[in-house]
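Descriptive structure summary
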Amino acid sequence: MTVDRLPAFRVAPPRRRLLDRALARPSLVAVLGLVIVLVLFGLRTPDLLTPAGLGGVLDAAALLGIGGVAVGLLMVGGHFDLSIGTVTLGSAVLTALLAGPAGWGIWPALATSLAAALAVGLVNGWLVVRTGLPSFLATLATALVLQGTTLSGVPLVAGAPRISGLDEAPGWSSASAVFGATAEVGGGTFPVSLLWWLAVTAGAGWLLWRTRFGNEVLAMGGSRRAARELGVPVRRTTLVLYALTATAGWLLGTLALVPAASVGATPALVSAIDYVVVAVIGGCLLTGGQGSMAGAAVGALLYAAAREGVELAGWDPRWSQALLGVVLLVALLVGGVVRARLRAAPRS
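Residues numbered from 1 in each chain as written. Predicted model: local features only at pLDDT ≥ 70, side-chain atom pairs only at ≥ 80, totals over all residues. Heavy atoms only, no water.

Comments concerning a positive patch on the surface
Together, Arg 130, Arg 224, Arg 228 and Arg 235 make up a positively charged patch on the protein surface. In this structure, Arg 228 sits in helix H10 (residues 224-229). (Patch = residues over 30% accessible without salt bridge, like charges linked within 9 Å, V, L, I, M, F, W, Y side chains within 5 Å. Areas by Shrake-Rupley, 256 points an atom, 1.4 Å probe, with all protein chains shown as cover. Salt bridge = Lys/Arg side-chain N within 4 Å of Asp/Glu carboxyl O. Lys, Arg positive; Asp, Glu negative; His and termini not counted. Charge placed at Lys NZ, Arg CZ, Asp CG, Glu CD. Helix = DSSP H or I, 4+ residues; strand = E, 2+ residues; numbered from the N terminus.)

Remarks on the packing of helix H5 (residues 106-131) against helix H11 (residues 234-260)
In the contact formed by H5 and H11, the axes pass within 8 Å of each other and the chain directions differ by 145°. As for how H5 packs across H11, the hand of that crossing is right-handed. Residue classes in the contact of H5 with H11 are distributed as 13 nonpolar, seven polar and two charged. (Axes fitted to C-alpha atoms, helices over the stretch in contact; angles between N-to-C directions. Left-handed = near helix turned anticlockwise from the far one by under 90°. Nonpolar A, V, L, I, M, F, W, Y, C, P; charged D, E, K, R; others polar.)

Some points on the packing of aromatic side chains
Where two aromatic rings form a pair, the distance of their centres and the angle of their planes describe that pair. A complete count under the given rule lists four aromatic pairs for this structure. Between Trp 107 and Phe 179, the ring centres sit 6.1 Å apart and the planes meet at 45°, which makes this aromatic pair tilted. With a gap of 72 residues between them, Trp 107 in helix H5 and Phe 179 in helix H7 (residues 172-179) connect regions that are remote in the sequence. The class for Trp 107 is partly exposed, based on a relative accessible area of 37%. By relative accessible area, which is 4% here, Phe 179 ends up buried. On the basis of an interplanar angle of 90° and a centroid distance of 6.2 Å, the ring pair of Phe 179 and Trp 250 is categorised as edge-to-face. (Phe/Tyr/Trp six-rings, centres within 6.5 Å; stacked < 30°, edge-to-face > 60°. Buried < 20%, exposed > 50% of the residue type's maximum accessible area, 1.4 Å probe, protein only.)

Quick word on the environment of Pro 259
Turning to its location among the elements, Pro 259 is positioned in helix H11. Sequence-distant contacts of Pro 259, defined by excluding residues within four places in its chain, comprise Phe 179, Gly 180 and Thr 254. (Contact = heavy atoms within 4.5 Å.)

Re H11
With 27 residues, H11 extends 40 Å between its outermost C-alpha atoms, agreeing within 8% with the 39 Å of an ideal straight helix rising 1.5 Å per residue. Where H11 ends, the next residue or the one after it, Ala 261, has phi of about 55°, a positive value. (Expected span 1.5 Å × (residues − 1).)

Considerations on the side chain of Ser 292
Among the secondary structure elements, Ser 292 is positioned in the loop between helix H12 (272-281) and helix H13 (293-313). A distance of 2.8 Å separates the side chain of Ser 292 from the backbone nitrogen of Gly 295, its partner in a polar contact. Ignoring any residue separated from it by four or fewer positions in sequence, one finds Ser 292 in contact with Ser 27, Gly 282, Gly 283 and Cys 284. (Polar contact = N/O pair within 3.5 Å; in protein donor to acceptor, adjacent residues only side chain to side chain.)

A look at the packing of helix H8 (residues 193-210) against H13
The contact between H8 and H13 brings their axes to 8 Å, and the two run at 150°. One finds that H8 runs roughly antiparallel with respect to H13. On H13, the residues that touch Trp 197, Thr 201, Ala 204, Gly 205 and Leu 208 of H8 are Met 293, Ala 294, Ala 297, Ala 300 and Leu 301. Considering only residue class, the contact of H8 with H13 consists of eight nonpolar, two polar and no charged. (Parallel < 35°, antiparallel > 145°, perpendicular 65-115°, else oblique.)

Some remarks on the side chain of Thr 211
Tracing the sequence through the fold places Thr 211 in the loop between H8 and helix H9 (212-222). One polar contact links the side chain of Thr 211 to the main-chain carbonyl oxygen of Leu 207, over a distance of 2.4 Å.

Okay, here's the thing in structure tokens:
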């Protein structure tokens, strides 16, 4: 008489289960990095944690966060955009030219520059879907053309490398309330860009995880071929993603232009590489298919806190780059482990 043996079930040890949960959330790297940076510089330079210090950190983090979230959403779909920095500069310059030398009202100028930014985004998307070029090369070419045109054209049109005096344009007070307002809290100055940052992060997170479009982005980032076979409109989704990134570039340009009431024909305000770094630190995989919009926002906060902390500590500013490089390397290593686990996971 034989006795059937029951299958043996292996129970993962608590440490292994904790590791699996941590690796399921690559954005945890940004959270841990932020805690370490705040403790490190908070002990050395207490001014970092004062309202004035936090105001400076959040001011820088807001612009980084808006760009990082937009680029992160695009990366989840398996693409890159290296032109967002030049779209930021170009849209701000176009708004300034229309509201300054051309004598337009600020709102028509902003609407026109938004349309121009969307056109650049659609051109980027069209180049990627129609030619099959790698997205980072196609958008790099667009960035070079746009930046060269902007830097060379402004002195010719405006007669000077900087356009100022924009606060005299019709409608400027209302635009300033929307894009340039600040609030004083406890001795710290907090700009309205923080609200835009929160809105962009919440909107992108909702779009990615609560809508059909988000499912299409995740599927496309996992495998374009498989997504296409499942009926995902890959071309349309790609065009929308690039249009959203261009819109974020326009918003960044507007948030930089309106408070200063001027803009100069200088290289891009923030490098697109900074946004990629923020998104990767926040848990967006370079290969696409996974990412966290809240993680990208925390990555921007970490980036800004490291730079502000180094500055307040009186260190050489290049130390912030070294610190961020270490955090980026850790994020890349964690992302590599996550990719390996995703490939090894059984598919139904």
